[in-house]
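# A look at the structure
Each chain, written out:
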Amino acid sequence: MRTSTLLIAPAVALGAMAFAAGPAAAQDGVWVADLAPANNSGTAGTVMIEIYGQQATVRMNVLGAAEIWNGAPFPHGQHIHIGGQGVCPGPAADTDGDGVVSSVEGEPYAGAVSTALTTQGDTSPASAVATDRFPAGGAYTYERTLTLDPATSEAIGAGTATVEVHGVDPNKLPAAAREKMSPEAPSLPLAATLPAACGTVVASQMSGPMPDGAPDTGVEVRPQTDATALSAAAGLGLLAAGGAAVALMRRRLTSRH
Ligand SMILES: [Cu+2]
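Note that residues are indexed from 1 along each chain, following the sequence as it is written. Where local features are concerned, this predicted model is filtered to residues with pLDDT of at least 70; where side-chain atom pairs are given and counted, the filter is 80 or more; whole-chain, interface and lining totals use all residues. To obtain the side-chain values, all non-hydrogen atoms of the structure were included, while hydrogens and water were left out.

### Re the overall build of the protein
Applicable threshold: Strands are runs of DSSP state E lasting at least 2 residues, helices are runs of H or I lasting at least 4, and numbering of each runs from the N terminus. Three labels apply to residues, based on accessible area from a 1.4 Å probe with only protein chains included: buried if under 20% of the type maximum, exposed if over 50%, partly exposed otherwise in between. Between two residues, a contact is recorded if the distance between any of their heavy atoms is within 4.5 Å. Surface accessibility follows the Shrake-Rupley procedure with a 1.4 Å probe radius. Residue values consider only the protein chains on display as shielding.
Tallying secondary structure elements over the protein gives seven helices and 11 strands in all. When burial is assessed residue by residue, the protein has 46% of its 257 residues classed as buried. Intrachain contacts of the protein at a sequence separation of at least 6 include 72% that bridge at least 24 residues. When the accessible area of the protein is evaluated, it comes to approximately 11,700 Å², of which 58% is carbon and sulfur surface.

### Things to note about the coordination of the copper ion
Condition: The rule for donors is simple: an N, O or S atom within 2.8 Å of the metal counts, and for Na, K and Ca the reach is 3.2 Å. Water is not among the atoms, so a site may look short of donors.
For the copper ion, every protein donor is listed as His79 (ND1), His81 (NE2) and His166 (NE2), and the spread of their distances is 1.9 to 2.0 Å. Written as a sequence motif, the donor residues of the copper ion are H-x1-H-x84-H. No difference in accessibility class separates His79 from His81, as the two residues are buried.

### Focus on unusual backbone geometry
The bulk of non-glycine residues show a negative phi, and the bulk of peptide bonds are trans. Here Asn40, not a glycine, exhibits a phi torsion of approximately 60 degrees, which is positive. The residue Asn40 is located in the loop between β1 (29-37) and β2 (44-52) in this model. The class for Asn40 is exposed, based on a relative accessible area of 58%. For Asn70, which is not glycine, the phi torsion reads 50 degrees and is therefore positive. Position of Asn70 relative to the elements: it lies in the loop between β4 (68-69) and β5 (72-73). Classification of Asn70 as exposed rests on a relative accessible area of 73%.

### Some thoughts on the state of the cysteines
Our working rule: Any two cysteine sulfur atoms within 2.5 Å of one another count as a disulfide.
Under the defined criterion, the tally for this structure stands at one disulfide. At a sulfur-sulfur separation of 1.9 Å, the disulfide partner of Cys88 is Cys198. A torsion of -85 degrees about the S-S bond marks the disulfide between Cys88 and Cys198 as left-handed. Of this pair, Cys88 sits in the loop between β6 (78-82) and α2 (103-110) while Cys198 sits in strand β10 (residues 195-200); the two residues are 110 residues apart in sequence, bridging distant segments of the chain.

### Considerations on helix α3 (residues 150-158)
Selection criterion: This arc corresponds to the set of directions leading from the helix axis out to the C-beta atoms.
Among all positions in α3, only Thr152, Ser153, Ala155 and Ile156 are buried. One side of α3 holds all its buried residues, which, seen down the axis, span an arc of 165 degrees. Counted as exposed and oriented over 90 degrees from the buried face of α3: Pro150, Glu154 and Ala158. If you follow the buried residues of α3, they end up packed against β1, β2, β6 and β7 (112-116). Note on α3: the residue one or two positions beyond its end, Gly159, has a positive phi of about 75 degrees.

### A word on α2
Taken residue by residue, α2 has Ser103, Glu105, Gly106 and Ala110 as its buried positions. Projection of α2 onto a plane perpendicular to its axis shows the buried side chains occupying an angular sector of 145 degrees, all on one side. Its buried side turned inward, α2 meets β6, β7, β9 (162-166), α5 (190-193) and β10. Looking at the residues trailing α2, positive phi occurs at Gly111, about 95 degrees.

### Some points on the confidence of the model for the protein
Condition: The predictor attaches a confidence to each residue, called pLDDT, with possible values from 0 through 100.
Residues of the protein with pLDDT of at least 70 account for 71%, and the chain-wide mean is 81. This stretch, residues 1-22, has a pLDDT under 50; its non-local contacts, to residues over four places away or in other chains, come to 31 contacts. Between residues 208-257, whose pLDDT stays under 50, and residues either more than four places distant or in other chains, the model counts 74 contacts.

### A closer look at the pattern of salt bridges
The line we're drawing: We define a salt bridge as a side-chain nitrogen of Lys or Arg found within 4 Å of a carboxyl oxygen belonging to Asp or Glu.
Taken as a whole, this structure holds four salt bridges when the rule is applied. The salt bridge involving Arg59 is made with Glu50; its shortest N-O contact spans 3.2 Å. Like Arg59, the residue Glu50 is buried in the burial classification. Between Lys180 and Asp96 there is a salt bridge; the shortest N-O distance is 2.9 Å. Of the two residues, Lys180 sits in the loop between α4 (175-178) and α5 while Asp96 sits in the loop between β6 and α2, which places them 84 residues apart along the sequence. Of the residues examined, Asp96 reaches a relative accessible area of 44% and is grouped as partly exposed. Each of the salt bridges in this network shares a partner with another, and the network as a whole consists of Glu50, Arg59 and Glu143.

### Concerning the nonpolar core
Condition: Among buried residues, the Ala, Val, Leu, Ile, Met, Phe, Trp, Tyr and Cys ones that are joined through side-chain atoms within 4.5 Å form a nonpolar core.
Counting 25 residues, the largest nonpolar core has Leu35, Ile49, Met60 and Val163 as the members making the most contacts within it. Looking at this core, the elements with two or more residues in it are β1, β2, β3 (55-63), β6, β8 (140-147), α3 and β9. Here this core takes four residues from β3, the largest share from any one element. The residues touching Leu35, leaving out its near neighbours within four places in the chain, are Ala44, Gly45, Thr46, Val47, Met60, Val62, Val163, Val165, Ala197, Cys198 and Gly199. Among the nonpolar cores identified, the runner-up in size contains eight residues, and Val100, Ala177, Leu190 and Ala196 belong to it.

Structure follows, in structure tokens:
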């Protein structure tokens, strides 16, 4: 990744300059999260959240996720969580001793759902378990531009927001957890909503939040172009699998809709 980071440096610098050109909200800029496996899932991923005003473009690349659920691609609920400490829960959060940390047990650490990163329609917490409107399968990319509510923007700026991907292969769970039902969706097995990967949302080192007191040059600030964002993504390792593979995954994802 070192080589590609060097190669994209000029493009990233251009993106940073675009953000520095005028007044902007404190959260305007590029935010990222590295998703680490939770609950023995083997799931990992990267998240980039590009905020401009109330609009946010969320890009995700998730690998190693549970593949099949009831003979169909396993749907993966994914959310921005706020209201906690902005950290991912460790094993000590397993208060009922079933060997896994549910979303409810993890809430004091990672927070509660504030934004459902659905593929279409509503993105409010009401869609937290809308299993028919989330990405599915063992590996996927996600991209959507949505409106962030002010509390979520503030939490991102304060470093207390996390992103979680849910849904773990039941075979990877301890016996005590395998047969349980989900605390947040009683009609679903616990495995369907269990956190599979989690990461804290932090400012991208390539294009962080605005410093205070930036001069107003009168130049209109525009969101980064896709090309710039993709270049930044390459630097993060988002495209580690190669542009062709990501393009293929994206085609698969969009062909379902
Ligand atoms: Cu979640």
